[in-house]
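Spelled out, the chains give:
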Amino acid sequence: MGSYMDFLALYGVGGAHPGGILLTKELMYREEITEDMAILDIGCGTAQTAVFLKEMFECRVAGLEIHPIMIQKAKKRVLAAGADIELIKGSAERMPFRDGEFDLITSESVLAFVDRKKVLSEVMRTLKPGGLLLAVEMTAEIELEDDDRNDLSGFYGVRDILNEDEWRRCAVESGFKTVEIEKPDFPLLSPEPVIEFDLSEEIPEEIHEMLDRHEEYLKKYKDLLGVRIIKCQK
Ligand SMILES: C[S@@+](CC[C@H](N)C(=O)[O-])C[C@H]1O[C@@H](n2cnc3c(N)ncnc32)[C@H](O)[C@@H]1O
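Residues numbered from 1 in each chain as written. Predicted model: local features only at pLDDT ≥ 70, side-chain atom pairs only at ≥ 80, totals over all residues.

(A) Layout of the nonpolar core. Ranked by size, the top nonpolar core spans 61 residues in total, and within it Ala47, Ile85, Ile105 and Leu133 carry the most contacts. Counting residues per element, this core draws most heavily on strand β5 (residues 127-140), at 8 residues. Among all residues touching Ala47, those that are not within four sequence positions of it are Gly63, Ala74, Arg77, Val78, Ile85 and Leu87. (Core = buried A, V, L, I, M, F, W, Y, C linked by C-beta atoms within 7 Å. Buried ≥ 20, exposed ≤ 12 C-beta atoms within 10 Å, placed from the backbone. Helix = DSSP H or I, 4+ residues; strand = E, 2+ residues; numbered from the N terminus. Contact = placed C-beta atoms within 7 Å.)

(B) Looking closely at the sheet that holds strand β1 (residues 38-42). Within the open sheet, the 7 strands sit side by side as β3-β2-β1-β4-β5-β7-β6. Their pairing is mixed. Each end of this open sheet is capped by a strand with a single partner; those strands are β3 (86-89) and β6 (178-182). Within this sheet the neighbouring strands show an average axis-to-axis angle of 15°, counted without direction. Here β6 pairs with strand β7 (residues 225-233) via 5 bridges, running antiparallel. Looking at β7, one finds that Glu180 is bridged to Lys231. The strands touched by helix α7 (residues 164-173) are β5, β6 and β7; relative to β6, the strand with the most contacts, the crossing angle is about 160°. (Pairing = 2+ DSSP bridges. Axes fitted to C-alpha atoms, helices over the stretch in contact; angles between N-to-C directions.)

(C) The environment of Leu120, seen in detail. Inspection of the secondary structure assignment puts Leu120 in helix α5 (residues 116-126). Ignoring any residue separated from it by four or fewer positions in sequence, one finds Leu120 in contact with Cys170, Ala171 and Ser174.

Laid out in structure tokens, this is it:
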């Protein structure tokens, strides 16, 4: 059976994180990004954010993505944009980058799906001293019942759903010097203002059904799940 990640990949969803590219732009415009910087987007999906970063800031941009179909669609987008972006197929748990290569690492709805400790340790390793991690991640607004937790993990394939305090602890324990967490003030767990699709030619019926199920989950859990912007400095 296909996973939620297969669904995102086969549909070629661009902006597969709460708030979509609009939130991404808002967050990036707040930072002082200059041409001499290097940015890495982990779990870059179809490279929508990577292309925006390259076109907007003209700095070095790299994208790391594990899903074979996603990386293919990312390459297609980057080629169409004529953007000079390094796209690498690989795992955020073992990043193929040197120590201290990046000024900024972005994670848009990725940390919930991975081995967080390993990924955060890799983020710490590959960031320059003083570098930033900027993450947009699904967050539990209240203590979730086990049934809800299992239901959500089963469908989305997330390892766990952290609340704000747990995100903070996790970042502090990974060694970041400062951790700021912000609750965005507009509704994000709606299908808007997303979404771009790059559909694969053949999509199994079970994957199509996931779109409806995803909408159902958004409605069912709209009061329990929220989003946090997590900004950490090394
Ligand atoms: C919810 S999607 C978000 C995609 C993209 N950041 C966006 O906002 O459109 C999560 C992405 O993380 C990727 N991913 C999951 N585990 C990963 C890992 N261990 N290393 C690299 N990428 C991973 C998935 O394949 C998927 O593209």
